[in-house]
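# Notes for the structure review
Residues per chain, in single letters:
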Amino acid sequence: MSDKALLTIDGNSYELPIITGTEQEKAIDISKLRDQSGYVTLDTGFKNTGATKSAITFLDGENGILHYRGYPIEQLAKNSTFLEVAYLLIYGELPKEQTLLDFRHLISRHTLIHEDMKKFFDGFPSKSHPMGQLSALVGALSAFYPESLNPNATEEEENLTIVKLLAKMPTIVSWIYKKSLGHPVIYPRNNMNYVHNFLQMTFGQITEEIELDPVIVRAMHILLILHADHEQNCSTSTVRIVGSSNANLYASISAGISALWGPLHGGANQAVIEMLESIKNDGGDSAKWLAKAKDKNDPFRLMGFGHRVYKNFDPRAKIIKKACDDVLEKLGINDPVLDIAKQLEEAALNDPYFVERKLYPNVDFYSGIIYRALGFPTDMFTVLFALGRLPGWIAQWKEMRINKEPIGRPRQIYVGSTPRDYVDIEKR
Ligand code: ACO
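Residues numbered from 1 in each chain as written. Predicted model: local features only at pLDDT ≥ 70, side-chain atom pairs only at ≥ 80, totals over all residues. Heavy atoms only, no water.

## What to know about the site of the ligand
Near the ligand you find 21 residues, and of these Lys296, Arg301, Leu302, Gly304 and Arg308 are the closest. With respect to the ligand, the side chain of Asn362 contributes an N or O atom lying 3.0 Å from an oxygen atom. Against a free-state accessible area of 920 Å², the protein chains account for coverage of 78% of the ligand. Of the domains in this structure, domain 2 (73–266 + 386–402) and domain 3 (277–374) are the two that each give at least three residues to the shell around the ligand. (Near = heavy atom within 4 Å. Polar contact = N/O pair within 3.5 Å; in protein donor to acceptor, adjacent residues only side chain to side chain. Areas by Shrake-Rupley, 256 points an atom, 1.4 Å probe, with all protein chains shown as cover. Domains from an automatic or database assignment.)

## Here's the deal with the domain arrangement of the protein
Domain boundaries assigned for the protein yield domain 1 (4–65), domain 2 (73–266 + 386–402) and domain 3 (277–374). The distance between the C-alpha centroids of domain 1 and domain 2 comes to 33 Å. Around 710 Å² of area is buried between domain 1 and domain 2 when both sides are counted, 57% of it from carbon and sulfur atoms. Three residues, Ile56, Thr57 and Leu59, lead the burial of domain 1 against domain 2; their summed loss comes to 67% of the area buried on that side. Here domain 1 and domain 2 share 4 residue pairs in polar contact (both at pLDDT 80 or more) between them. For the side of domain 1 that touches domain 2, the class distribution of residues is 3 nonpolar, 3 polar and 1 charged. (Buried area = accessible area lost by both parts, 1.4 Å probe. Nonpolar A, V, L, I, M, F, W, Y, C, P; charged D, E, K, R; others polar.)

## Digging into the pairing of strand 4 (residues 57–60)
Residues of strand 4 alternate between two faces, with Thr57 and Leu59 on one and Phe58 and Asp60 on the opposite face, all of them buried. Two elements, strand 4 and strand 5 (residues 65–68), share 4 bridges in a ladder whose sense is antiparallel. Looking across to strand 5, one finds that Leu59 is bridged to Leu66. Hairpin connection between strand 4 and strand 5: a loop of 4 residues separates the two successive antiparallel strands, and Gly64 in this loop has a positive phi of roughly 65 degrees. (Buried < 20%, exposed > 50% of the residue type's maximum accessible area, 1.4 Å probe, protein only. Helix = DSSP H or I, 4+ residues; strand = E, 2+ residues; numbered from the N terminus. Pairing = 2+ DSSP bridges.)

## Digging into the sheet that holds strand 5
Overall, antiparallel pairing links the 3 strands, which are arranged 4-5-6 in an open sheet. Two strands close off the open sheet at either side, each with one partner strand: strand 4 and strand 6 (71–72). Inspection of the sheet shows strand 5 paired to strand 6 by 2 bridges, in the antiparallel sense. Paired with Tyr68 across the bridge in strand 6 is Tyr71.

## What about helix 14 (residues 315–331)?
Given a rise of 1.5 Å per residue, 17 residues ought to cover 24 Å, and the 25 Å separating the end C-alpha atoms of helix 14 matches this to within 8%. The complete set of buried residues in helix 14 reads Pro315, Arg316, Ala317, Ile319, Ile320, Ala323, Cys324, Val327 and Leu328. Immediately beyond the C-terminal end of helix 14, within one or two residues, lies Gly332, with a positive phi of roughly 65 degrees. (Expected span 1.5 Å × (residues − 1).)

What follows is the structure, given as structure tokens:
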């Protein structure tokens with residue numbers, strides 16, 4: 001097998017190294033091409049561009065495979081907890097029992113947020129979107145922990161910044177929710193595990209400890225685990241590119257949260273439920289909405305369908321669909337929106353438009369239904385996605401720093417006006 005690609009332009013040949021990954025993925029290294037030939041490559045939306053070499057997540061979109069650090073997502077969703085997966089992603093290995101206990105303990109020592117930060121929560125209008133608040137609050141952590149600003153921090157100092165963020169995120173998310181209701185915030189309980197503590201702060205009362213069904217707790221772990229990393233997607237690439245300028249962790253993750261917010265990315269989980277409700281309120285005719293999604297003159301898209309890299313099935317959607325059934329059965333919920341989701345899914349999977357374009361339900365098609373059943377309002381869904389994605393973003397930011405990657409700075413092909421002289425305003 002050749003380890004060089006040959007590119008010929010105008011009779012000149014250039015040898016380009018071929019890089020092979022551990023799962024036999026192949027890439028042509030074009031990093032020196034401009035120096036050699038004067039050419040750059042063009043790939044709008046980075047549809048076929050590897051931005052980095054990463055050892056965190058492997059994804060094979062054609063075959064519906066997703067591994068974190070080599071472990072299949074199906075095994076992690078079945079056997080692991082969210083904090084264990086977070087450790088795996090960030091530090092590279094599954095922790096030994098004592099290591100995990102120590103990690104849990106360390107996290108539980110940093111769950112409080114600075115009392116002065118409460119003023120931010122009070123300052124947001126009650127209807128402001130939780131994602132805007134989350135992005136602002138995570139960015140604001142850098143003001144309270146200025147040691148995070150040092151790009152030459154020791155490994156130990158950097159690790160403390162990481163632990164603080166992981167520990168404080170559930171508190172921030174829960175408090176955003178409580179404030180949206182006008183309820184008092186609930187302080188973290190250090191004796192509870194990560195997910196339990198999060199649910200307590202979100203749905204518990206100051207005086208009462210929440211009673212949680214194991215099916216619900218497991219579903220929450222699964223949701224967070226399934227969202228924990230997804231290699232170089234829009235928000236993760238954002239985190240890496242912001243971090244590549246030596247911006248601090250909080251600023252980089254805050255940028256990732258903003259990138260996640262869009263309905264074409266993490267915001268899809270909110271958009272799915274809004275779409276299903278519109279269909280229900282419109283009489284529940286899924287065929288009509290399917291036709292709209294196929295009409296090129298109609299901007300409507302079937303939210304929760306299609307994926308940039310999964311072109312067969314999204315392995316996370318399979319797992320989540322089962323968790324969704326378990327939660328709805330446990331809670332005895334008969335959600336008409338779920339019936340519409342099932343009708344739409346079946347119709348789309350048998351429709352040539354969707355089959356030809358390899359459009360399948362993605363993770364967000366079902367996650368919203370579970371969040372809704374658990375009692376989260378729709379505009380909190382993407383925040384829950386961010387809570388799950390946090391360890392992945394952190395792992396990617398850390399890897400980018402360990403690898404001493406250069407500042408991210410793509411090229412472009414300029415297609416604007418050629419040089420022209422300034423014209424005085426009265427002569428234009
Ligand atoms: N409904 C209808 N048609 C669609 C859909 C959809 N959901 N998704 C893609 N298509 C069509 C496109 O119109 C295009 O058709 P064409 O070839 O006739 O022009 C073709 O399928 C390919 O779509 P692209 O937009 O080129 O694919 P891309 O990889 O750029 O986009 C994306 C992927 C953004 C996820 C897209 O499928 C989409 O908008 N889906 C709905 C939003 C969504 O669910 N996003 C969540 C993604 S998962 C995540 O981020 C967690």
